[in-house]
Structure formats: structure tokens, C-alpha cells
Amino acid sequence: MREFENTGIYPEYLLFNLPDTRQSWRVKVKGKPQKGVLKSKGKVLYEYSFNGHRCKFRKVNEDGSLFDWKEPDCMIIEMRD
């Protein structure tokens, strides 16, 4: 990876494949804990929270209301070189 070549540090990413979507998101981990949103075509679909060990997400309705937090059914930690 180019970032590893430049910094000597492996970058960390969160990869989301969420229910009811045929889309995936890749978000760089910049700090722990970290919160953010997942968008599609400029529209916020999900909100996420990551504390360094566990991740949770919730769906955002079109009117801005939020569903309850959910944890993913499966979470995988992967290292690549």
C-alpha cells in the first residue's frame, strides 16, 4: 500500500456491507472512538460509531429520524500486505 510505503504504518479501514443495500463503504479510521455517516448520492443513509473494538450502526430515515443502534451480525479483522 502506498500509505505504508510513505509512513511505515498500516492504515486501518472500516468496510461496511449493510442490510437493504447493494452498496459497500470503506471508511478510513482516523481516531478511536470515531463516529460518522455513510452516504449514497449525497444522501445520508446510515450513521456509525466505532470505539476501536466494536462497531454499531443505525439507519437514518428521509425525515431525519433515527432507528435504534444495531451491531453487525459479523465483524472481521483482516490484515493485508
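Residues numbered from 1 in each chain as written. Predicted model: local features only at pLDDT ≥ 70, side-chain atom pairs only at ≥ 80, totals over all residues. Heavy atoms only, no water.

Chemist: So what's going on with the confidence of the model for the protein? Which residues, and what values?
Modeler: On average, the protein scores 88 in pLDDT, and the residues at 70 or more come to 95%. Averaged pLDDT values over the elements of the protein bottom out at 80 in helix H1 (residues 2-7) and peak at 96 in strand S3 (residues 34-40). (pLDDT = per-residue confidence, 0-100. Helix = DSSP H or I, 4+ residues; strand = E, 2+ residues; numbered from the N terminus.)

Chemist: How would you summarise the sheet that holds strand S4 (residues 43-50) if you had to cite specific residues and measurements?
Modeler: Read across the open sheet, the 3 strands follow the order S3-S4-S5; overall the sheet is antiparallel. In the strand order of this sheet, the two ends are held by S3 and strand S5 (55-59), each with one partner. On average, adjacent strands in this sheet sit at an angle of 25 degrees to one another, irrespective of strand direction. (Pairing = 2+ DSSP bridges. Axes fitted to C-alpha atoms, helices over the stretch in contact; angles between N-to-C directions.)

Chemist: An account of unusual backbone geometry is needed here, citing residue identities and associated values.
Modeler: Look at the link from lysine 32 to proline 33: it is a cis peptide, with omega at 5 degrees. Mapped onto the fold, proline 33 is located in the loop between strand S2 (24-28) and S3. Although it is not a glycine, lysine 41 sits at a positive phi angle of roughly 55 degrees. With a relative accessible area of 85%, lysine 41 lands in the exposed category. (Buried < 20%, exposed > 50% of the residue type's maximum accessible area, 1.4 Å probe, protein only.)

Chemist: Quick rundown of the pattern of salt bridges? Include the residues and the values.
Modeler: If you walk through the whole model with that rule in mind, you get 4 salt bridges. Between glutamate 62 and lysine 43 there is a salt bridge whose closest N-O contact spans 3.4 Å. You can see glutamate 62 sitting in the segment after S5 and its partner lysine 43 sitting in strand S4, a full 19 residues away along the chain. Overall, the relative accessible area of 74% leaves glutamate 62 in the exposed class. Of the residues examined, lysine 43 reaches a relative accessible area of 38% and is grouped as partly exposed. (Salt bridge = Lys/Arg side-chain N within 4 Å of Asp/Glu carboxyl O.)

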